[in-house]
Amino acid sequence: LARIQEDDDDVPWRKNGWWTWSRTAKGRQYEVYLRRRDEPGAPEEVLLDLNELAEGKPFLQLGVLEASPDGRMLAYSLDETGALDYTLRVRDLAAGRDLPLLVEQTEGAVWANDSRTLYYLTKDEARRTHRLWRHRLGDAGPHTLVLEEPDELFWLDLRKTRDDRYLVVSSTSKDTTALHVLDADDPAAAPRAVLPRRNGIEMSLDHRHGRFYLLVNDRGRNFRLVETAAAAPSLDEARELIAHRDDVMLEDVDLFARYMV
């Protein structure tokens with residue numbers, strides 16, 4: 001502890017009109033997550049205090065921390081066993097209390113752009129993420145199964161494109177990836193396969209201005225970057241932006257409004 005700055009704030013990030021960051025305090029075990037509006041003089045608000053949630057528990061680990069696009073709801077998940085058993089909850093930030101929603105054995109959660117529809121993944125008996133579900137807050141009926149991966153070699157992963165246009169569901173094994181997208185503006189949208197699954201081909205995806213940007217290793221193990229139409233993606237008609245090189249691994253691409261890193 002003598003070599004650690006205990007009182008510290010993480011670098012804040014801005015999204016949907018809010019700055020969000022985490023804080024550690026001297027003598028406290030866990031982080032506090034905070035936010036403030038992107039306005040002069042706006043006060044800071046507590047999103048989630050893990051120290052309060054950890055009281056009386058032998059272990060606590062945060063999984064998901066996702067505010068809804070309108071900033072009113074917070075989806076978060078906690079593991080209280082150390083066995084990666086995450087339980088998903090939703091907090092009404094204005095009221096400061098959790099909704100009755102409680103989903104066990106989850107992994108990942110993403111909001112649709114209506115700020116009321118929540119997508120999340122659940123696990124099978126082997127703790128493999130294999131099902132994608134959809135739930136609209138306030139609906140009393142059963143949650144809707146959107147996608148299932150029956151192959152035990154593949155795991156599902158869920159995220160949003162940086163521009164919030166699509167939800168991306170990756171089905172990944174050791175050396176193969178299949179991608180599905182859902183329209184984040186349409187809570188009832190069905191998943192759409194981006195490209196057919198091909199054994200030995202890995203890929204990742206982001207979106208900007210109606211175009212998908214794909215990192216794909218179809219021309220070599222070190223990946224290349226291509227751009228294709230989001231409405232009708234095709235590797236045969238894609239425009240290559242960065243070619244494969246035998247001596248350089250292309251690991252990651254981040255898209256912004258005006259730049260690509």
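Residues numbered from 1 in each chain as written. Predicted model: local features only at pLDDT ≥ 70, side-chain atom pairs only at ≥ 80, totals over all residues. Heavy atoms only, no water.

Some details on the overall build of the chain
Test applied: Secondary structure counts use DSSP, requiring at least four H or I residues in a row for a helix and at least two E residues in a row for a strand, with both numbered from the N terminus. We compute the radius of gyration over the C-alpha atoms and compare it with the globule rule, which gives 2.2 Å times the number of residues raised to the power 0.38. Only protein chains enter the area calculation, which uses a 1.4 Å probe; residues under 20% of their type maximum are buried, those over 50% are exposed, and those in between are partly exposed.
Broken down by element type, the chain carries one helix and 20 strands. Taking 2.2 N^0.38 as the reference for a compact globule, 261 residues should give roughly 18 Å; the C-alpha atoms of the chain span a radius of gyration of 20 Å, in line with that estimate. Structurally, the chain occupies a C-alpha span of about 55 × 45 × 35 Å along its principal axes. Here the chain holds 261 residues, and 44% of them are scored as buried.

Brief notes about the sheet that holds strand E15 (residues 177-183)
Keep this limit in mind: Each pair of strands is called paired provided DSSP finds at least two bridges between the two strands.
Pairing is antiparallel across the open sheet formed by four strands, whose spatial order is E13-E14-E15-E16. For this open sheet the edge positions go to strand E13 (155-160) and strand E16 (192-193), each flanked by a neighbour on one side alone. When E15 meets E16, the two strands line up antiparallel, connected through two bridges. Bridge pairing in E16 places Val181 opposite Arg192.

Considering the environment of Glu80
Threshold: Contacts: residue pairs with any heavy atoms within 4.5 Å of one another.
One can find Glu80 in the loop between strand E7 (73-79) and strand E8 (86-92). Distance in space between the C-alpha atoms of Glu80 and Leu53 is 9.9 Å, their sequence separation being 27 residues. For Glu80, the contacting residues outside a window of four places in its chain are Lys57, Phe59, Leu60, Asp85 and Arg89.

Regarding the environment of Asp247
Relative to the elements of secondary structure, Asp247 occurs in the segment after strand E20 (239-242). Judged by its relative accessible area of 67%, Asp247 falls in the exposed class. Asp247 sits 10 residues away from Glu237 along the chain, and the two C-alpha atoms are 26 Å apart.

Considerations on the sheet that holds strand E6 (residues 61-67)
Whenever strands of a sheet pair, they do so through backbone hydrogen bonds, lying parallel or antiparallel. Stated precisely, the cut-off is as follows: Orientation is described by axes fitted as lines to C-alpha atoms, over the contacting stretch for helices, and by angles from 0 to 180 degrees between their N-to-C directions.
Spatially, the seven strands line up as an open sheet ordered E6-E7-E8-E9-E10-E11-E12, and their pairing is antiparallel. Each end of this open sheet is capped by a strand with a single partner; those strands are E6 and strand E12 (144-148). Recorded for the sheet is a direction-independent mean angle of 35° between the axes of neighbouring strands. In this structure, E8 lies alongside strand E9 (residues 97-111), joined through five bridges in antiparallel fashion. Within the sheet, the bridge partner assigned to Arg89 lies in E9 and is Leu102.

Section: the packing of aromatic side chains
Going by this rule: What counts as a ring pair is set by centres within 6.5 Å for rings of Phe, Tyr and Trp (its six-membered ring), and what kind of pair is set by the plane angle: stacked under 30 degrees, edge-to-face over 60, tilted for all other angles. Each ring is checked for a lysine NZ or an arginine CZ that lies within 6 Å of its centre and within 35 degrees of its normal; such an atom marks a charge sitting over the ring.
Inspection of the entire model under this criterion finds one aromatic pair. Pairing Tyr166 with Phe212 gives two aromatic rings, centres 5.3 Å apart and planes at 65°, and the pair type is edge-to-face. Highlighted residues: Tyr166 in strand E14 (residues 166-172) and Phe212 in strand E18 (residues 211-216), separated in sequence by 46 residues. Taking relative accessible area as the criterion, Tyr166 reaches 10% and is therefore assigned buried. Here Arg35 stacks its cationic end above the ring of Trp18, 3.6 Å away from the centre of that ring. In this structure, Arg162 packs its charged tip against the face of Phe256, placed 4.4 Å from the ring centre.

Concerning the pairing of E18
For a regular strand, side-chain orientation follows a simple rule: the groups alternate between the two sheet faces. The element E18 is largely enclosed, with a buried count of five among its six residues. Both strand E17 (residues 203-208) and E18 contribute to a ladder of six bridges, which runs antiparallel. Bridge pairing in E18 places Ser204 opposite Leu215. The hairpin formed by E17 and E18 contains two residues between the paired strands, and His209 there has a positive phi angle of roughly 50°. In this structure, E18 lies alongside strand E19 (residues 224-229), joined through six bridges in antiparallel fashion. For Tyr213, the partnering residue across the bridge sits in E19 and is Glu227.

Examining the side chain of Thr129
Selection rule: Residues adjacent in sequence count toward polar contacts only when both atoms are side-chain atoms; beyond that, a polar contact is any pair of N or O atoms within 3.5 Å, and within protein one must be able to donate a hydrogen and the other to accept it.
Following the sequence through the fold, Thr129 ends up in strand E11 (residues 129-136). Separated by 2.7 Å, the side chain of Thr129 and the backbone oxygen of Leu156 make a polar contact. Sequence-distant contacts of Thr129, defined by excluding residues within four places in its chain, comprise Glu107, Leu121, Thr122, Lys123, Phe154, Trp155 and Leu156.

Bear in mind that shape data such as this cannot, by itself, settle questions of function.
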